[in-house]
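Below are the chains, spelled out letter by letter.
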Amino acid sequence: WRDWSSDVCSSDLIAKDRNLQPVLECRPWSELLSDFKAGKIDVLANLVLTPERATYANFSIAYLVLPGTVYIRKDDQSIHEADDLRNKRIAAGTAGYSYETAVKRGWVREFVVVNSLVEALEQLNAGKADAVLGSRVFSNNVIKEKKLFNVRPAPFVVGDFSFQYHLAVLKGRDELLYELNADLIAIRNNGVYDAIYEKWFGSIEPHSLKFRDLRPYLWTASFILLALGTALFRQRHLVGKLRQQAE
């Protein structure tokens, strides 16, 4: 994924906009997360917001949302619905979102511990695991590049399973988070983000509503929201007065 990651990763785009030289750490996810918690990493990219992670990190606005998919083997005909995963071996990293999703849904009979999505899909293809949870775009790319011919999407959809990526900072670093959010809004507003998205995902993901699509309606929407808020405030104020008179 190196070919697109330096462009798509919003932290890199922000660094370029500020004329900074980021130091990219490409290591197993569990190591990165451990160093992040220890304060050795300033910004953690591509982190999905979960209640557990929100206890130690603050998150930027989301900059990428990709659908999640369950992958199984073509030579395994025993998996027909999500509940069938309860008795299967799932390949996942122990600190990753896929692992947390599997635990949350009760698919915890046995985990095949891996360091990456690539390794997880390779283990699945080789018959050493029964299922993998991953983002559809990344997983399909791995399957194609690695020629994993024994891997296929499961015949069911897991509701609310998607990868909504954020930049994350440790709690207490409010100034840094503010700067990240400001820059994310800037690269969306100036069209840079949409251009990058179209370049790498436009041909493989259905067109989604983007910031530039909404731009002509923002002032109208803001006015309507302000008017509704004002009306609601006045209504509550009037109800309060009527209650006082009734008393």
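One structure accompanies this document, and this report is about it.

A few words on the overall build of the protein. A count of helical and extended segments in the protein gives ten helices and eight strands. The 247 residues of the protein split such that 39% are buried. Long-range contacts, defined as pairs at least 24 residues apart, comprise 70% of the intrachain contacts of the protein with a sequence gap of at least 6. In the form shown here, the protein has an accessible surface area of approximately 14900 Å², with 54% of it arising from carbon and sulfur atoms.

So, about helix α3 (residues 29–37). Taken together, the buried positions of α3 are occupied by Leu32, Leu33, Asp35 and Phe36. Viewed end-on, α3 has its buried residues packed into an arc of 165°, placing them on one side of the element. Its buried side turned inward, α3 meets β1 (44–48), β2 (57–59) and β8 (162–170). Downstream of α3 by one or two residues, Gly39 has phi in the positive range, about 85°.

Soluble globular proteins: nonpolar side chains tend toward being buried together. Among the nonpolar cores identified, the biggest contains 47 residues, and Tyr63, Leu64, Val70, Leu121 and Tyr165 are the most heavily contacted of them. Residue contacts for Val70: discarding those within four places in its chain leaves Leu85, Ala131, Val132, Leu133, Arg152, Pro153, Ala154, Phe156 and Val158.

We now examine the pairing of strand β4 (residues 89–92). Bridging between β4 and strand β5 (residues 110–113) involves four bridges; their strand directions are parallel. Bridge pairing in β5 links Ala92 to Val113. Handedness of the β-α-β unit built from β4, helix α4 (residues 97–104) and β5 comes out right-handed. Both β4 and strand β6 (residues 131–135) contribute to a ladder of two bridges, which runs parallel. Looking at β6, one finds that Ile90 is bridged to Ala131.

As a further point, take helix α6 (residues 136–146). Inspection of α6 places Val137, Phe138, Ser139, Val142 and Ile143 among the buried residues, and these make up the whole buried set. Immediately downstream of α6, the backbone of Lys147 shows phi near 55°, a positive value.

This paragraph deals with the side chain of Asp35. Along the chain, Asp35 turns up in helix α3. Setting aside its immediate chain neighbours within four residues, Asp35 contacts Arg27, Lys40 and Ile41.

Moving on, we come to the packing of aromatic side chains. Considering all chains together, one arrives at six aromatic pairs under this definition. Aromatic side chains Tyr99 and Phe111 sit 4.6 Å apart centroid to centroid with 45° between the ring planes, which places their arrangement in the tilted category. Placement of the pair is Tyr99 in helix α4 and Phe111 in strand β5, with a sequence separation of twelve residues. Each member of the aromatic cluster is reached from another via a ring pair, and the members are Tyr97, Phe138, Phe161, Phe163 and Tyr165. In this structure, Lys37 packs its charged tip against the face of Tyr56, placed 4.6 Å from the ring centre.

Next up on the list: the pairing of β1. Burial analysis of β1 places four of its five residues in the buried class, the great majority of the element. Strand direction decides the pairing type here: β1 and β8, joined by three bridges, are antiparallel. Within the sheet, the bridge partner assigned to Leu44 lies in β8 and is Ala168.

To continue, consider the environment of Trp29. Considering the arrangement of structural elements, one finds Trp29 in helix α3. Apart from the residues lying within four places of it in its own chain, the contact partners of Trp29 are Leu44, Ala45, Asn46, Leu47, Arg53, Ala95, Gly96 and Asn115.

Okay, the pattern of salt bridges next. Taken as a whole and judged by the stated rule, the model has seven salt bridges. Here Arg73 ties to Asp130 by a salt bridge, and the two come within 3.1 Å at their closest N and O atoms. Taken together, the residues span a long stretch of sequence, with Arg73 in strand β3 (residues 64–73) and Asp130 in the loop between α5 (117–125) and β6 at a distance of 57 residues. On the basis of relative accessible area, Arg73 is assigned to the buried category, the value being 10%. Connected via shared salt-bridge partners are Arg73, Asp75, Arg89 and Asp130.

Attention shifts here to unusual backbone geometry. Positive phi values are uncommon outside glycine, yet Asn46 reaches one of about 60°. One can find Asn46 in strand β1. Taking the relative accessible area as the measure of exposure, Asn46 reaches 35% and is therefore partly exposed. Phi at Lys147 is positive, roughly 55°, even though this residue is not glycine. With respect to the helices and strands, the residue Lys147 is situated in the loop between α6 and β7 (151–153).

Rules and cut-offs
- Residues numbered from 1 in each chain as written.
- Predicted model: local features only at pLDDT ≥ 70, side-chain atom pairs only at ≥ 80, totals over all residues.
- Heavy atoms only, no water.
- Helix = DSSP H or I, 4+ residues; strand = E, 2+ residues; numbered from the N terminus.
- Buried < 20%, exposed > 50% of the residue type's maximum accessible area, 1.4 Å probe, protein only.
- Contact = heavy atoms within 4.5 Å.
- Areas by Shrake-Rupley, 256 points an atom, 1.4 Å probe, with all protein chains shown as cover.
- Arc of directions from axis to C-beta.
- Core = buried A, V, L, I, M, F, W, Y, C linked by side-chain atoms within 4.5 Å.
- Pairing = 2+ DSSP bridges.
- Right-handed = clockwise from strand over helix to strand, strands pointing away.
- Phe/Tyr/Trp six-rings, centres within 6.5 Å; stacked < 30°, edge-to-face > 60°.
- Lys NZ or Arg CZ within 6 Å of the ring centre and 35° of its normal.
- Salt bridge = Lys/Arg side-chain N within 4 Å of Asp/Glu carboxyl O.

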